[in-house]
Structure formats: C-alpha cells, structure tokens
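Structural description and commentary
Okay, here's what each chain looks like letter by letter:
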Amino acid sequence: VQLQASGGGLVQAGGSLRLSCVASERTFSSYAMGWFRQLPGKEREFVSGVKRSSGTTYYTDSVKGRFTISRDNAENTAYLQMNNLKPEDTAVYYCAASYTTIVSEFRSYRSYAYWGQGTQVTVSS
C-alpha cells in the first residue's frame, strides 16, 4: 500500500494543524494506522495509533488531550488533528500502516510495514 501524507506547515504555539494520510488501496480498513514523528538524528517516536476496525486509539503521553487520531475507511484516509501545538511538537510527521493487532506492538515503528513520505510540522514560540 502507498501512503501520502499532507497537512504539515508552520504554525504558532497554541495553533492547530490537521494531518491527512491517504492510502492507495481499498484494503485500507485491513491496516492499523499510526503516526510517528522524527527529529534529525533521533529515532522515530510513536505519536498515535488507531486499530483497523474498532477505532480504538492510542497516544503517547505528551500529546494526550491535544491530538486526536481518526480514520475514514470509506475514504482510505487517516487523520491526526493537532491542537494546542507546542514548539516541542516540531518534527517531521510520518503516517504508517501495520498488519498488527497486538496492542503492545502499536508503539514500535518496527511493527509498521508501509510508510508515507513525511510532512514537516514546525511550531514557533
């Protein structure tokens, strides 16, 4: 499956952005979806994930209450709504697709077989 991420940009602290990730296949609903972010020289960090059909969501602690992940299986699209952005949210954000159904694997980038190209999010103070 090919993934196309978009929606990044430059925003002031406290602002909002919505990232989108469009999948190329109608089997989109078969995949768990995740959002990761990465700074230069650092490992990709799990941000949020959503199960393939139940809609159960997961977040890293630093974004809980500010970010919301969702998916529209009819549109083959996953979203990450980011509110109250902080300068420490600045990174390249990647969407990814995984076959995993194991909750403990959601947070590991190694569980994801397919990746989008990344979209830059920059939050100014």
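Scroll up for the structure.
The rules behind each value
Residues numbered from 1 in each chain as written. Predicted model: local features only at pLDDT ≥ 70, side-chain atom pairs only at ≥ 80, totals over all residues. Heavy atoms only, no water. Helix = DSSP H or I, 4+ residues; strand = E, 2+ residues; numbered from the N terminus. Contact = heavy atoms within 4.5 Å. Phe/Tyr/Trp six-rings, centres within 6.5 Å; stacked < 30°, edge-to-face > 60°. Buried < 20%, exposed > 50% of the residue type's maximum accessible area, 1.4 Å probe, protein only. Lys NZ or Arg CZ within 6 Å of the ring centre and 35° of its normal. Salt bridge = Lys/Arg side-chain N within 4 Å of Asp/Glu carboxyl O.

Among the structural elements, Val 11 can be located in strand E2 (residues 9-12). For the pair Val 11 and Gly 116, spaced 105 residues apart in sequence, the C-alpha separation works out to 22 Å. Not counting chain neighbours up to four residues away, the residues in contact with Val 11 comprise Ser 16, Leu 17, Leu 85, Thr 122, Val 123 and Ser 124.

Evaluation of the coordinates by the stated rule reveals nine aromatic pairs. Measuring from centroid to centroid gives 4.9 Å for Tyr 58 and Phe 106, while their planes differ by 45°, and the two rings are tilted. Remark: Phe 106 occurs in the loop between strand E9 (91-98) and strand E10 (114-115) and Tyr 58 occurs in strand E6 (residues 57-59); sequence separation between them is 48 residues. The class for Tyr 58 is buried, based on a relative accessible area of 14%. What links up through ring pairs into an aromatic cluster is the set Phe 36, Phe 46, Tyr 94, Tyr 112 and Trp 115. Looking at Arg 44, its charged tip hangs above the ring of Tyr 94, at a distance of 3.7 Å from the centre. Over the ring of Trp 115 we find Arg 44, and its NZ or CZ is 4.6 Å from the ring centre.

Pairs can form between side chains of opposite charge once their charged atoms are near each other. Under the criterion given, the structure shown has four salt bridges. For Glu 45, the salt bridge goes to Arg 37, with nearest N and O atoms at 2.8 Å. We classify Glu 45 as partly exposed; its relative accessible area is 33%. We note a salt bridge from Lys 64 to Asp 61, for which the minimum N-O separation is 3.0 Å.

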